[in-house]
Amino acid sequence: MDRAILRGGVSIGILTNFTLTAQLFSGHCPAEQPPEPPRITPEQAAIQSAESRNDELTKELTKKDTRIQALEDEIKALKQPKKTAAKKWKTFEATAYTAFCAEGCTGITKTGVDVSHSIYYEGARVIAVDPSVIALGSTVEVRLADGSSFRAKAIDTGGAIKGARLDLLVANEADAVQFGRQSVELRVIK
């Protein structure tokens, strides 16, 4: 009987050794236990939490700084003088008028400027325009058919001045008749 126990014991021992050897070669060893996660103190946990929150706030601030810079650039662009497409030459039909007549002339433009003593305003000739085409107060350059040109200030309007038409203020009726009706080129300067 002792022999049977011994044989059984040897068999179990050989089988156990064989199992352990197979596990070692396959990379699975029951002796290897996963390492325990490091234990942190409540203070360390608070520091990690604060660092994480700090990272989130830094990202949020960076986004906001980028947005602020974009808005500042947009404001800067809006403050710069606008470049108008009206700087191109456009054809207008021009006539002339006078504010120096015996009756019916007040000499006061639509913008309230008294031109009863001069055909110039701020160093430029006075013209009447359609304000839906040329803004009142605009400075323009007018080029006549003969190639000559002059600066003019759009400070008046007129009942017959609609669309691409302008009326040039001249000194008297004879000058208005001599100017007549002609095609001119006009471009807005400012």
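Predicted, not measured: the structure shown is a model, and the values here were computed from it. Throughout, a residue's number is its position along its own chain's written sequence, starting from 1. In view of the model being predicted, local features appear only for residues whose pLDDT reaches at least 70, and side-chain atom pairs are presented and counted only at 80 or more, with totals across whole chains, interfaces and linings using the full set of residues. Side-chain measures were taken over the full set of non-hydrogen atoms in the model, leaving aside hydrogen atoms and water.

### With respect to the overall build of the chain
Threshold: The helix and strand labels rest on DSSP assignments: H or I over at least four residues marks a helix, E over at least two residues marks a strand, and numbering proceeds from the N terminus. Exposure categories follow from relative accessible area, calculated using a 1.4 Å probe and restricted to protein chains: below 20% of the type maximum is buried, above 50% is exposed, and the middle band is partly exposed. By the convention used here, residues are in contact when the closest approach between their heavy atoms is within 4.5 Å. Here, Shrake-Rupley sampling with a 1.4 Å probe gives the accessible areas, and only protein chains in the shown set may cover a residue.
The secondary structure content of the chain amounts to 3 helices and 7 strands. For the chain, the residues scored as buried account for 23% of the 190 residues in total. For the chain, long-range pairs separated by at least 24 residues make up 73% of all intrachain contacts whose partners lie at least 6 apart in sequence. If you sum the accessible surface of the chain, you get close to 14,100 Å²; carbon and sulfur atoms cover 57% of it.

### Description of the packing of aromatic side chains
Stated precisely, the cut-off is as follows: Each Phe, Tyr or Trp ring, with Trp reduced to its six-membered ring, pairs with another whose centre is within 6.5 Å; inter-plane angles below 30 degrees give stacked pairs, above 60 give edge-to-face pairs, and intermediate values give tilted ones. Both a distance and an angle decide whether a charge sits over a ring: NZ of Lys or CZ of Arg must be within 6 Å of the ring centre and within 35 degrees of the ring normal.
Under the defined criterion, the tally for this structure stands at 0 aromatic pairs. The positively charged end of Arg-125 is found above the aromatic ring belonging to Tyr-120, 5.7 Å away from the centroid.

### Remarks on the pairing of strand β4 (residues 139–143)
Let me state the cut-off plainly: Only strands that DSSP links by at least two bridges are regarded as paired with each other.
In terms of residue burial, β4 counts as a mostly covered element, since 4 of its 5 residues are buried. As paired elements, β4 and strand β5 (residues 149–156) share 5 bridges and run antiparallel to each other. Within β5, the residue paired with Thr-139 across the bridge is Lys-153. Where β4 hands over to β5, the hairpin turn is made up of 5 residues, of which Gly-147 adopts a positive phi near 95 degrees.

### Remarks on the nonpolar core
The following threshold applies: Side-chain atoms within 4.5 Å link the members of a nonpolar core, which is a set of buried Ala, Val, Leu, Ile, Met, Phe, Trp, Tyr and Cys residues.
Counting 20 residues, the largest nonpolar core has Ile-127, Ile-134, Val-140, Val-142, Leu-166, Val-184 and Leu-186 as its most contacted members. Contributing elements (two or more residues each) for this core: β1 (90–98), β3 (124–129), β4, β5, β6 (165–170), α3 (173–179) and β7 (182–188). Those residues within four positions of Ile-134 in sequence are excluded, and the remaining contacts are Phe-92, Val-129, Val-140, Ala-154, Leu-186 and Val-188. Core analysis: the next-biggest nonpolar cluster, separate from the first, contains 9 residues, Ala-99, Val-113, Val-115 and Ile-155 among them.

### Concerning unusual backbone geometry
The backbone phi angle of Glu-122 is positive, close to 50 degrees, even though this residue is not glycine. Along the chain, the position of Glu-122 falls in the loop between β2 (120–121) and β3. Judged by its relative accessible area of 58%, Glu-122 is exposed.

### A short note on the pattern of salt bridges
Selection rule: When a carboxyl oxygen of Asp or Glu is within 4 Å of a side-chain nitrogen of Lys or Arg, the pair counts as a salt bridge.
Counted by the stated rule, this structure contains 5 salt bridges. A salt bridge links Arg-53 to Glu-56; its shortest N-O distance comes to 3.4 Å. Residue Arg-53 and its partner Glu-56 are both found in helix α2 (residues 42–79); the two are separated by 3 residues, about one turn of the helix. Classification of Glu-56 as partly exposed rests on a relative accessible area of 44%. Residue Glu-141 is joined to Arg-187 by a salt bridge in which the shortest nitrogen-to-oxygen separation is 2.8 Å. Within this pair, whereas Glu-141 is found in strand β4, its partner Arg-187 is found in strand β7, the two being separated by 46 residues in sequence. A relative accessible area of 17% means that Glu-141 is categorised as buried.

### Here's the deal with the pairing of β3
Burial runs high along β3: 6 of the 6 residues are buried. Here β2 pairs with β3 via 2 bridges, running antiparallel. The residue of β3 that forms the bridge with Tyr-120 is Arg-125. Count of turn residues in the β2/β3 antiparallel hairpin: 2 residues, of which Glu-122 carries a positive phi of about 50 degrees.

### With respect to the environment of Val-177
Within the element layout of this structure, Val-177 appears in helix α3. Given the relative accessible area of 67%, Val-177 is considered exposed. In sequence terms Val-177 and Thr-95 are 82 residues apart; their C-alpha atoms lie 8.9 Å from each other.

### A short note on the environment of Ala-164
Tracing the backbone through its elements, the reader meets Ala-164 in the loop between β5 and β6. You can call Ala-164 partly exposed: its relative accessible area is 39%. In sequence terms Ala-164 and Glu-93 are 71 residues apart; their C-alpha atoms lie 6.5 Å from each other. Discounting residues that sit within four places of it in the chain, Ala-164 has contacts with Thr-91, Phe-92 and Glu-93.

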